[in-house]
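Okay, here's what each chain looks like letter by letter:
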Amino acid sequence: MGLMGRESLGRDRGMMFVYAEDQILSFWMKGTLIPLDIIFINGASVVVDVQTMRPEGETAPNLPITRSAAPARYAVEVNEGVAAECGIEPGVVAEIRRLT
């Protein structure tokens, strides 16, 4: 479900999607009310793509599909503008810590 239905997201919050292997990832904004940046990261922890996704209400009735520009293992959704504010762009190495 991702962030569907949420009316807000804290500036220091986000959602991470984890996949078993690197692949082209696809997302859409069905039922999503807030604009988001999506950061795609590969299995070597390198950012391979960053895109901004618009809320469903701004794009309906045609919901665009956002696909990673390169295979990725992780997708991180944050508030629109956060990626740029934090200097997150393709080529940046992410630090991914596993919580157990």
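Residues numbered from 1 in each chain as written. Predicted model: local features only at pLDDT ≥ 70, side-chain atom pairs only at ≥ 80, totals over all residues. Heavy atoms only, no water.

**Let's talk about the sheet that holds strand β4 (residues 47-53)**
Read across the sheet, 4 strands follow the order β1-β6-β3-β4 without closing on themselves; strand pairing throughout is antiparallel. Bordering the open sheet on either side are β1 (15-23) and β4, each of which pairs with just one other strand. Recorded for the sheet is a direction-independent mean angle of 20° between the axes of neighbouring strands. One ladder, built from 6 bridges, connects strand β3 (residues 36-41) with β4; its direction is antiparallel. By the bridge assignment, I39 is partnered in β4 with V50. (Pairing = 2+ DSSP bridges. Helix = DSSP H or I, 4+ residues; strand = E, 2+ residues; numbered from the N terminus. Axes fitted to C-alpha atoms, helices over the stretch in contact; angles between N-to-C directions.)

**Regarding the pairing of strand β6 (residues 72-79)**
Of all 8 residues in β6, 7 are buried; the element is thus mostly enclosed. Bridge count for β1 against β6 is 5 bridges, and the pairing is antiparallel. When the sheet's bridge partners are listed, F17 is paired in β6 with A75. Note: β3 against β6, 6 bridges, orientation antiparallel. Paired with F40 across the strands is A75, a residue of β6. (Buried < 20%, exposed > 50% of the residue type's maximum accessible area, 1.4 Å probe, protein only.)

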